[in-house]
Amino acid sequence: RPSAALEMAEVRRFTKRLSKPGTAAELRQSASEAVRHSLPAEKAKIVEPLDYETVIEQRRGQIHGDSLRDLLQFPVDEVSIATVPHHRRTVCPALPPDAEAQAHGLLVKECIRTYNSDWLVVNYKYEAYGGDFRSLPSKVHQLEKLPVQLFEVDEDADEDAASLCSQKGGNVMEGWLYKAHMNNAMNVTIRVFKRRFCYLTQLPDGSYSLCFCKDEKGFKESKGSIFLDSCIDVVQCSKMRRYGFELRMQEKCSCHLAAESEQEMEEWITTLRKVIQSNFDGSMSERRNGDLPETGIDEDSLSQGKSENMMESLEKSMHPELMKYARECDTDNKRSRNEGRCKLFAMDAEAQKLDFSGIEPEVRPLEEKFGKRFLVKCHNLSFALQGLVSEQGDGTVTNLEPFFVTLALFDTSNNCKISEDFQVDLNPPAVRQMLQDGAEEGAVNGRTGGSPGGRARAVDEALLRYPREGLFSVTAPHPDIYLVARVEKVLQGGIAQCVEPYIKGSDTSKTVQKVLKAAKQICSRLGGYRMAFAWAARPVFKDSEGSLDTSGRFSPLYKQDSSKLSTEDLLKMLADFKKAEKISKLQVIPGNFEVSIEPVSPDIPNCVTSSYIPVKPFAEAGCGHVTFEVEEFVADIAKYMYPFTTFKNHMYVYPIQLKYDNQKTFAKARNIAVCVEVRDSDADKTAPLKCIYGKPGDAIFTSRTCATVLHHQQSPEFYNEIKVELPVHLHEKHHLLFTFYHVSCDINSKGTTKKREAVESHVGFAWLPLLRDGRVVTSEQQLAVSTNLPPGYLGQHAADSKKHAAPDIKWVDGGKPLLKVRNLLVSTIYTEDQYLHNFFHHCQMNQSAGQEIAGDLVKHLKCLHAMETYVMVNFLPTILNQLLQILSRTSQSEVAVNAIRVMIHIVSKCHEEGLDHLLRSYIKYVFRTDQCVPPGDRSTHEELAKSINIILKQSADFLTINKLLKHSWFFFDLLIKSMALHLIAKNGMKVSRTQRFPTGYHHAVQSLLLAIIPHVSLRCGEIPDEARSVNVSWAHFMKRCLTLMDRGFIFNLINDYLSCFSSKDTKVLAEYRLDFLQTVCQHEHFVPLNLPMSFTKARLLRTQDLQMDYTLSDDFCRHHFLVGLVLRELGLSLTEARDIRHTAIGNIKGLMMKHAFDGRYPNKGQQARIALLYLPLLKVLFDNVQQLQLKDLSSLSLTFSNASVRDELPFNISSTINGSAARRSAIFTDKELTSAGHVTSLGLLLKRDDSRSSLSTETGASTPERAEDRRDSVDFTGHRRASAGGGAPPYCKFSQQEVRSLLMCFLHIIKTMSEEALLAYWNKMPPQELMDYLSLLEACLHQFRYVGRRSIARTQEAQGSKFSA
């Protein structure tokens, strides 16, 4: 069977270029399977491409000797790498100086290396030329402004603005008339009048016509028309009918009309006479402005004179214009016409249309992501009860005691807190003085221990001591987000007791003295302890769009209920905040809290991060205040996340509740204070680490801090947040130590001299290790409380139970869990995800052991599929780097395949969340092979290609295969960057392309092609999105490989891929083929890839070589491979459905437009050489010339259906006598005659008439025969595909847009070609092709003629009304 033989030949052809032994059988089996399941269709004719590298080596002398060698050679410096400094928005690195030395865990090390590494970018010098013409660097296709030109058709229209035809639509007059119905065979005495509604209309060329319709609404269905430029007079003629008049024409024929009244008759006659006079004046002005003077010399007599006499007379003339005309020659005229001319394609509508579909978005580096940011400025907190605190001050009345404000954002719809605390001290200096003595002696402000790296020294501590401005961020804004202010004061007693003086207004002076006296006592004695006092709230946003409520104010200050201190209770109150009946029950403390919320610019000056690192721009000199960024607690939703790019290592500790109501160990345990420390050892006398962020007025970092105290509560609840800077390296001894105190609140006259032991007493200890099983401990924990703290206390706690075996530890309440605490980790180097931690921990163990345990590693790789998506996004660069490192270093194929599976899962999840831009940023900036590949011959791209090939051949795992196909661009881009880095690292760009990559990699790429083909050709109906995606991705891969690899090898891969598409494929596969070609042909060096030079011994422009080089022969397609594919595809697509045809035409037109606008080829010689590549397109157009010109009357507008303009008619119908064509002088077009068969019997011919570009129609016996011959000459055996619905007709009508596009390409070729090549081409053309050539020129005149501004406006208006309807 011939088709079977052809299929087997195609299979064998795949193995010809394989040099690796033992692979032919495998490839033959894959290809046979693809062929066996393919459609029983005929293969498209495939031409083997040339061996590009061999050809350019053999013709090196010819190329170097060519004056246009730039069109034949690739630039040398095309590919380079650049190291881009890692973008940091902070003034100094956030990473502590010794962080890398301290890091021990593999995850921590890899994260730090990711954040410290600069970006490595592969630059393609001419990448900007690798898209369509709209993406070119030079915007030549965008015309700034066309020169203003005035045409006759527009000039006549302007002159008539104040004349008869100034009415809208060009209608001069309209009304009912009776028209005599007659034809040439009738006698004048036979009269039949029909009532018609008539329109007298002026056309864009200045002439007039009289149209006849059945009624007023039938203007678009005209029954006939009379052109009045042949009318010489209008006379009254009442003999034939009352109120009748006669239109007399030049050919001694007349048209009889009649009005319904005498007044209407006189109006019509007067108007028509003015029209005739206007036509006469116009013709006389043309004669005066023409070459013929008004003498008796006619045109014939003038032509008989000697032309040299005219030239001699012109030379003797002294008139400057005549002297200039005498010196003109054809060469000068040609040169002047070409000066300042626009490019042909610049006039095309496609060039002006804004289309960004083919332009890829800019890939930006990974960076920190913020939500809606706004600035909170705290101005003042004042209560109604005020007084003079110090007599030494300036006499200003202030609050009577210190108050402290903590601001935070709460989300009532999601029932959570969404920001860290922002603590503010608004107390004036005189009030702050009350705390200094007590603070110096307070037990809660430790001054010993180490610093967490000293990074806060980048900013003067004085600027950070008293913050007032907080920069908040909200990723998902909505109206149910509240800014809450909690007000605290120094511990004194019960909340109700302390609030009472501020609410009562009687005897103010005594109250002030009493409160001030008590405040001084408690500040000196208990200044380090605080208690809750009041709270207030206000909404932040007006809507879900993020509109800030800048005009809002805080609510009144409400008394804090001692039984509703927890965050959960606060969220419940906020949920009822908009309910007046609920809020009215709250007790208000008279006072005012002045806070403003403002939008903020992206580059706010003098700002520090939540780690106190200054952000650019930061000018410490002259800085009056600093703005503090407040950490946002973003919900664990992937779409809100971003990959970590900078160091951050915070933990937030939240003591929740201590249940001491049943303890019998301590007699006094009511006013309980809990103090928190971070320690790195449980030895005796171990100092706490100085890593806790201090409160306003304290040091930047402190060693311990204390939560608020609830008076007389044995089971107190806490709401405080303790922010900790975690060490870079955490080990099993790092822990949180909670110390509980009973604080005595008794105040007497000798209270200031009491010893410290009388103020506070120990009532227990609890501890929480920071690591459990190597992971940071988070979420809510229940802890037991001991009465003592012996050395080695951490080891006394069993990991799997709450039983404590050590006899020297005494437990409160029998060791029951009494303390409830919750930790929140905000870190970019530690993770809470168990699977990610276990994976990196196992990788670290393998590295330490120096061997790979394949089974365990595969198990942990599979467990990564259960990793949370948001964690995956946060650590995206680090995870991908580790997976690629495993892929490059492993010797087990199972490990490599599972690593690729995890990557497929990650890529798929990112696409599902709309985060694919992060993957593009990773490839462009982060990915580098020097961190993945060990020294040796292994390469990332080769191992990646092999593993992908294995996955594609595993038919059972179709879900993974589908994901891989759909997101294949990611892996192909990885291959490309790895290849480029490999070449530059090995200095391979200077090596011959045939030696750049080993044979094994060539085999891997070829195997990858064979694995992809069945999924595209056989499963396109099952997985259309995946098949289309991998088709485009493979095209981009092939396109970039043409820059890096052996071009002849890539040509063969392209040929192999296209050969697997059948000649009768479905419409979908036809679109795939065209999309593939479009992408590949957008290569930035498309012209050199096609080698626009002669492949004979003679020069290119020799006449004897034209037939070979200018036809779409096999030799042409072999030597100019890509352009030959595009031209052959166009020839086959012209007989397809409109969508396929439109895409194929768009491909060829887009390429030619790109060449015309390419700034690298500005010279005329370069453009002429490029145009020769497309000269075979003319033969394709000749074969379809009937589709490009007017073939029948069905496509013509014989009436004034649209705008009633004569220039909109392609031609007019006139009667013919004795077979000769009638002149355009007396023209009647009447559908009534046409329908009666009179015109049909006389025949029609197509010819061009006067300067107004009207066409008259006459059809002789030759026309249908010529059309039949043309149809016979068109070869439809190339009809390639049948659509899914049963196949497109082999001869479809082209749309006007398609015709114009093809004719634009035709005009560009003949305009750009050199005259020598064009003349030689004409000399070689057969007579039939020469006639087709002229027919195309005639079609261009018709398609691109200028019809006037008025006609264009009416056409656009008609199209707009049609679209709106």
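This text goes with the structure placed above it.
The rules behind each value
- Every chain begins its residue count from 1, and numbering advances along the sequence as written.
- For this predicted model, a pLDDT threshold of at least 70 governs which residues receive local features, and a threshold of 80 or more governs which side-chain atom pairs are given and counted, while totals over whole chains, interfaces and linings are taken from all residues.
- Calculation of side-chain values draws on the structure's entire complement of heavy atoms; hydrogens and water are dropped beforehand.
- Secondary structure elements are defined from DSSP: runs of H or I of at least 4 residues count as helices, runs of E of at least 2 residues count as strands, and each element is numbered from the N terminus.
- Classification of residues uses two cut-offs on accessible area relative to the type maximum, computed with a 1.4 Å probe and protein chains only: under 20% is buried, over 50% is exposed, and between them is partly exposed.
- All accessible-area figures derive from a Shrake-Rupley calculation using a 1.4 Å probe, and residue coverage is judged against the displayed protein chains alone.
- Salt bridge, as applied in this entry: a Lys or Arg side-chain nitrogen positioned within 4 Å of an Asp or Glu carboxyl oxygen.
- Strands were regarded as paired on the criterion that DSSP finds at least two bridges between them.
- For every element, the axis is a line fit to its C-alpha atoms; helices are fit only across the contacting stretch, and the angle between N-to-C directions ranges from 0 to 180 degrees.
- For the purposes of these results, a polar contact is taken to be a pair of N or O atoms within 3.5 Å, where, inside protein, one atom must be able to donate a hydrogen and its partner to accept one; residues adjacent in sequence count only when each atom of the pair is a side-chain atom.
- In this description, contact between two residues means that some pair of their heavy atoms is separated by no more than 4.5 Å.
- In this description, a nonpolar core means a group of buried Ala, Val, Leu, Ile, Met, Phe, Trp, Tyr and Cys residues linked to one another through side-chain atoms lying within 4.5 Å.
- Only residues whose relative accessible area exceeds 30% and that take part in no salt bridge are eligible for patches, with like-charged residues grouped when within 9 Å of each other and nonpolar side chains (Val, Leu, Ile, Met, Phe, Trp, Tyr) grouped when within 5 Å.
- Counting rule applied: Lys, Arg positive; Asp, Glu negative; His and chain ends not counted.
- All charge positions are set by atom: Lys at NZ, Arg at CZ, Asp at CG, Glu at CD.
- Stacked, edge-to-face and tilted are the three classes for Phe, Tyr and Trp ring pairs, Trp counted by its six-membered ring, which pair at centre distances within 6.5 Å; planes under 30 degrees apart are stacked, over 60 edge-to-face, the rest tilted.
- An expected span of 1.5 Å times one less than the residue number is assigned to each helix.
- An angle below 35 degrees is read as roughly parallel, one above 145 as roughly antiparallel, one from 65 to 115 as roughly perpendicular, and any other as oblique.
- Under the grouping applied here, Gly and all other residues not named as nonpolar or charged are polar, the nonpolar ones being Ala, Val, Leu, Ile, Met, Phe, Trp, Tyr, Cys and Pro and the charged ones Asp, Glu, Lys and Arg.

Enquirer: Any chance you could break down the overall build of the protein for me, citing the residues and the numbers?
Expert: Helix and strand counts for the protein come out as 48 helices and 40 strands. Here the protein, with 1365 residues, has 53% of them falling under the buried criterion. If you sum the accessible surface of the protein, you get close to 63100 Å²; carbon and sulfur atoms cover 50% of it.

Enquirer: Residue-level account of unusual backbone geometry, with values.
Expert: Pro617 follows Lys616 through a cis peptide bond whose omega is -5 degrees. Considering the arrangement of structural elements, one finds Pro617 in the loop between strand E23 (614-615) and strand E24 (627-629). One non-glycine residue with positive phi stands out, namely Lys685, at about 60 degrees. With respect to the helices and strands, the residue Lys685 is situated in the loop between strand E26 (672-679) and strand E27 (692-693). Relative accessible area serves as the criterion here: at 80%, Lys685 is assigned to the exposed category. Even without being glycine, Asp813 reaches a positive phi, approximately 55 degrees. We classify Asp813 as partly exposed; its relative accessible area is 23%.

Enquirer: So what's going on with the pattern of salt bridges? Which residues, and what values?
Expert: Enumeration according to the criterion identifies 43 salt bridges in this entry. Taking the shortest distance from any N to any O, the salt bridge between Arg679 and Glu677 comes out at 2.9 Å. Each of Arg89, Glu368, Arg373 and Glu629 takes part in one network of salt bridges that share partners.

Enquirer: Got a sec to walk through the sheet that holds strand E31 (residues 735-743)? Specific residues and values, please.
Expert: The four strands lie next to each other as E29-E26-E31-E32, forming an open sheet whose pairing is antiparallel. Each end of this open sheet is capped by a strand with a single partner; those strands are strand E29 (704-706) and strand E32 (760-769). The mean angle between the axes of side-by-side strands here comes to 20 degrees, regardless of whether they run parallel or antiparallel. Of the pairings in the sheet, the one linking E26 to E31 comprises eight bridges and is antiparallel in character. For Cys675, the partnering residue across the bridge sits in E31 and is Thr739.

Enquirer: Any details on the side chain of Arg538? Residues and values, ideally.
Expert: Looking at the secondary structure, you find Arg538 in strand E18 (residues 530-539). In this structure the side chain of Arg538 is engaged in a polar contact, spanning 2.9 Å, whose partner is the backbone oxygen of Gly552. With near-sequence residues (within four places) excluded, Arg538 lies in contact with Ile481, Tyr482, Leu483, Asp549, Thr550, Gly552, Arg553, Phe554, Val595 and Ile597.

Enquirer: Describe in detail the nonpolar core, supporting the description with residues and values.
Expert: By size, the foremost hydrophobic cluster in this structure holds 236 residues, and its most contacted members are Phe738, Phe970, Trp1034, Phe1037 and Ile1054. Residues contacting Phe1037, with those up to four places away along its chain left out, are Phe972, Leu975, Ile976, Met979, Tyr1001 and Val1005. Formed by 78 residues, the second largest nonpolar core is a distinct cluster that contains Leu385, Phe422, Val515 and Phe554.

Enquirer: Describe a nonpolar patch on the surface, naming the residues involved and giving the relevant values.
Expert: Together, Leu1319, Trp1322, Leu1330, Met1331 and Leu1334 give the surface a local cluster of nonpolar side chains, amounting to about 440 Å² of exposed area. For the nonpolar patch, the secondary structure elements donating two or more residues are helix H46 (1315-1324) and helix H47 (1327-1343). The dominant element in the nonpolar patch, judged by the number of residues it contributes, is H47, at three residues. Note on Leu1334: relative accessible area 45%, which makes it partly exposed.

Enquirer: Report on the environment of Ser473, specifying residues and quantitative values.
Expert: Along the chain, the position of Ser473 falls in strand E16 (residues 469-474). A C-alpha to C-alpha distance of 9.5 Å links Ser473 and Leu409, two positions 64 residues apart in sequence. Those residues in contact with Ser473 that lie beyond four places of it in its chain are Phe370, Gly371, Lys372, Arg373 and Glu632. Polar side-chain contacts of Ser473 include one of 2.9 Å to the backbone nitrogen of Gly371. Looking at Ser473, its side chain comes within polar contact range of the side chain of Glu632, at 3.3 Å.

Enquirer: Hey, could you go over a negative patch on the surface for me, with residue numbers and the actual values?
Expert: Taken together, the side chains of Glu174, Asp215, Glu216 and Glu221 present a region of like negative charge at the surface. Residue position: Glu221 is located in the loop between strand E5 (208-213) and strand E6 (224-227). Taking relative accessible area as the criterion, Glu221 reaches 61% and is therefore assigned exposed.

Enquirer: Explain the pairing of E26 to me, and be specific about the residues and the numbers.
Expert: Counting buried positions along E26 yields eight of eight residues, so the element is predominantly enclosed. Of the two faces of E26, both are covered, the one formed by Ile672, Val674, Val676 and Val678 as well as the one formed by Ala673, Cys675, Glu677 and Arg679. Note that E26 and E29 share three bridges and pair antiparallel. Counterpart to Cys675 in the pairing with E29 is Cys706.

Enquirer: Report on the packing of aromatic side chains, specifying residues and quantitative values.
Expert: One pass over the full model with this rule turns up 43 aromatic pairs. Between Phe197 and Tyr199, the aromatic rings sit 5.2 Å apart at their centres with planes inclined by 65 degrees, giving edge-to-face as the arrangement. Owing to a relative accessible area of 7%, Phe197 belongs among the buried residues under this scheme. In this structure Tyr199 comes out as buried when scored by relative accessible area, which is 5%. Here Phe403 and Tyr502 contribute two aromatic rings whose centre-to-centre distance is 5.9 Å and whose plane-to-plane angle is 80 degrees, an arrangement assigned as edge-to-face.

Enquirer: Could you give an account of helix H32 (residues 1047-1059), with specific residues and numbers?
Expert: Given a rise of 1.5 Å per residue, 13 residues ought to cover 18 Å, and the 18 Å separating the end C-alpha atoms of H32 matches this to within 8%. The buried count for H32 comes to 13 of 13 residues, which makes it a mostly enclosed element.

Enquirer: Requested: an account of the side chain of His742, with residues and values cited.
Expert: Among the structural elements, His742 can be located in strand E31. Given a relative accessible area of 7%, His742 falls into the buried group. One polar contact links the side chain of His742 to the main-chain amide nitrogen of Arg670, over a distance of 3.3 Å. Excluding residues within four positions of it along the chain, His742 makes contact with Lys668, Ala669, Arg670, Asn671, Val759, Glu760, Ser761 and Val763.

Enquirer: An account of the sheet that holds strand E22 (residues 607-608) is requested, with residue identities and associated values reported.
Expert: If you trace the six strands from one edge of the open sheet to the other, you get E21-E10-E16-E24-E22-E23, paired in mixed fashion. Every other strand in the sheet has two partners, leaving strand E21 (591-599) and E23 as the edge strands with one partner each. Bridge analysis of strand E10 (residues 372-383) against E21 gives nine bridges, and the strand direction is antiparallel. The residue bridging Cys378 from the neighbouring strand is Val595, located in E21.

Enquirer: Pulling in residues and values, what's your account of the pairing of E31?
Expert: Where burial is concerned, most of E31 is hidden: nine out of the nine residues are buried. Burial of the side chains of E31 extends over both faces: His735, Leu737, Thr739, Tyr741 and Val743 are buried on one face and Leu736, Phe738, Phe740 and His742 on the other. Note that E31 and E32 share nine bridges and pair antiparallel. Residue pairing across strands places Phe740 opposite Gly764, the latter belonging to E32.

Enquirer: Outline helix H29 (residues 968-985), listing residues and values.
Expert: Its 18 residues give H29 an end-to-end C-alpha distance of 26 Å, which sits within 8% of 26 Å, the value for a rise of 1.5 Å per residue. Of all 18 residues in H29, 14 are buried; the element is thus mostly enclosed. Just beyond H29, the residue with positive phi is Asn987, at close to 60 degrees.

Enquirer: Got a sec to walk through the packing of H29 against helix H31 (residues 1024-1044)? Specific residues and values, please.
Expert: Remark: H29 packs on H31, axes separated minimally by 9 Å, with the N-to-C direction vectors making an angle of 10 degrees. Viewed along their axes, H29 and H31 adopt a mutual orientation that is roughly parallel. Residues Ser968, Trp969, Phe972, Leu975, Ile976, Met979, Ala980 and Leu983 of H29 form the contact with H31, whose own contacting residues are Ser1029, Val1030, Ser1033, Trp1034, Phe1037, Arg1040, Cys1041 and Leu1044. Broken down by class, the residue content of the contact of H29 with H31 amounts to 12 nonpolar, three polar and one charged.

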